[in-house]
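Structural description and commentary
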Amino acid sequence: MVNGPEDLLRLDAEKWETIDWRAQEEQIRRLRRRIFKAVQEEDWPKARNLQKLMLRSRGNTLMSVRQVTQRNAGRKTAGIDGEVALTSEARAEMAVRVHATIGSWKPHAVKRVHIPKASNPAKLRPLGIPVIMDRCHQARVRNALEPEWEARFEPRSYGFRPGRSCQDAIQSIFQATSQKLAKRMWVLDADLAAAFDRIDHTRLLEAIGSFPARDMIRDWLKAGVFEKGTGFSPTDEGTPQGGVISPCLMNVALHGLEEAAGVSYRTDGCHAGETVAGRPIAVRYADDMIALCHSRQQAEQVKARLAQWLRPRGLTFNEDKTRIVHLTEGFEFLGVLIRRYPNGKTLTTPSPSAVRRLKLRLAAEMRSLRGSNAQAVIARLDPIVRGWAAYYRSMVSSKVFTALDNYVWRLTFKWAKCGHPNKPRRWIVDRYYGKFNKFRNDRWVFGDQETGACLTKFAWTPIVRHKLVLGSASPDDPALAEYWTKRQTRVKPPLDSYTLRLLTMQDGRCSLCEDALLTADQPPESPEQWARWWLHVVRRAIAADYLVHHGRSGPSGDGQTRLVHASCHRSYLSRRHRNPAQHT
């Protein structure tokens, strides 16, 4: 246990492994809720004092270091200093260094790399990777800044916010357009040009106001970038896309967009929270925005007002991707086609471009797997299939799932024919296809005869309508603690029934550290990111293990399978190897 500042200074690998993470998490949650309530009541002196307390908190330091070095998918990626922290010793040392440099740390330049865009792999997206010390400090500062703005953000802002996702943004649009008498039939489909790279620093710092770590945020914005081949470049605008705090700063910079678009909400009685009749509805996910309007003229007016509002913030519309369409024509938003049909129904389906990108990716993966065995094919394709299906499971996707299963069958059969050109069709079918999934009466499942593993089908994912998050609800609101507890139990993650049953039995907690099992860096914003989320957060972040009371009080001989974090599992095996007597 780490009980005080002096204990944190003496933190070592053994103490790191025995920290009560659930207690630390609860401490940070309580403090975030206190900040939220103080801002909600507009008690700014109290809010600033609580934020200072959060910034000095040893629990905040520990949780931030743990999140960056042990939980985030990018924990193995180094900044310009080449430093990572992948062992308990390194993490303990990192926590001591971070806590000792509170108030005195000087940010480093970020390393700029270019990655393919999810929507168009031919184009590259600039990504800024801060050094690991900066990432830990940014996580600390975000825990103090985020609850303040959660109390201020607009209801239909869904991107990069706790408890909200792409599905909430899509469901919000669907509910506003699904009624037969819906009057907002014109859509302003807007996209901001290079929003992360062009945010005006002065405006952003003015919005942050007297936040205690304002100077540190300014230093991160001005730290500059280092790119291989071009060297160091100063940053006079924008916030690096890839920093821990960057998504929160993006939301702060775009706060007020709904008001600028002319959106207005009712405050009277049972109609509180509803949009005023005749006004548009604006839905934003990060830098993607949709405005639902009553006429084309109103949509043009909204676009003009927003362009004027964005200009002093350093932002402009991407005219190539911004258009005004009628709902009957349909439009794509976050990889989903939303369209109203002649029968008066509005449907949300996987967009043709998203399906086309998936097919190209699957075909490319199968070409690269020629010469490999069936187990390698399953390991490569399974997270793609599961992640893509999980993203679209709340849409009208059954027909698309079935068509994709047929496409995958053709790919796997062609792969098998290339690997065994002299074998007849019957031999290939008997070797690679069968009833591998004992829970389904399907004899055309691709699998591996040696291990019994099989490739998941898209159609195995049930269609479940997403439950839209309530208005301005935030997990930091103490008045809605019961609401979020119930929501977590109702909204099931896209896991198989056996894993879901284990997850429910364990209350979603790791059996070793008692921390939440399923946590992501940020909600995935595309089907491709959901595939990566499945691979990194679900398959690599949790593991089923046969454990006997884990060295703690419990019935000896309890041979139940438990879900644990993969990192906790590694630490457990390491401790058992060092001192087997304590774990028998």
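Higher on the page you've got the structure.
Residue positions within a chain follow its written sequence, with the count starting from 1. It should be noted that, the model being predicted, local features are given only for residues of pLDDT at least 70 and side-chain atom pairs only at 80 or more, the latter also being counted only at that level, while totals for whole chains, interfaces and linings use all residues. To get the side-chain values, take all heavy atoms of the structure and skip hydrogens and water.

1. A word on the packing of aromatic side chains
Quick note on the threshold: Only rings of Phe, Tyr and Trp enter the pairing, Trp through its six-membered ring, and a pair is recorded when the two centres are within 6.5 Å. The plane angle decides the type: under 30 degrees is stacked, over 60 is edge-to-face, the rest tilted. In this text, helices come from DSSP runs of H or I with a minimum length of four residues, and strands from runs of E with a minimum of two, each type numbered from the N-terminal end.
Inspection of the entire model under this criterion finds 17 aromatic pairs. Between Tyr432 and Phe446, the aromatic rings sit 5.9 Å apart at their centres with planes inclined by 10 degrees, giving stacked as the arrangement. Remark: Phe446 occurs in strand 13 (residues 445-446) and Tyr432 occurs in helix 18 (residues 425-432); sequence separation between them is 14 residues. Ring geometry for Tyr433 against Phe446: centres 5.7 Å apart, planes inclined by 70 degrees, an arrangement best described as edge-to-face.

2. Description of the pattern of salt bridges
For the record, the criterion: A pair is scored as a salt bridge if a Lys or Arg side-chain nitrogen falls within 4 Å of a carboxyl oxygen belonging to Asp or Glu. Burial status follows relative accessibility: with a 1.4 Å probe on protein chains alone, a residue under 20% of its type maximum counts as buried, one over 50% as exposed, and anything between as partly exposed.
Applying the stated criterion across every chain, the model contains 17 salt bridges. Notably, a salt bridge pairs Glu26 with Arg29, separated by 2.4 Å at the nearest N-O pair. With Glu26 and Arg29 both in helix 3 (residues 21-40) and 3 residues apart, this pair spans about one turn of that helix. For Glu26, a relative accessible area of 30% translates into the label partly exposed. Accessibility expressed as a relative area gives 25% for Arg29, which makes it partly exposed. Each of Glu25, Glu26 and Arg29 takes part in one network of salt bridges that share partners.

3. Focus on unusual backbone geometry
For Glu42, which is not glycine, the phi dihedral falls at a positive 60 degrees. When you line up the elements, Glu42 lands in the loop between helix 3 and helix 4 (44-56). The phi dihedral of Ala194 is positive, around 45 degrees, even though this residue is not glycine. Tracing the chain through its elements places Ala194 in the loop between strand 3 (186-191) and helix 9 (195-198).

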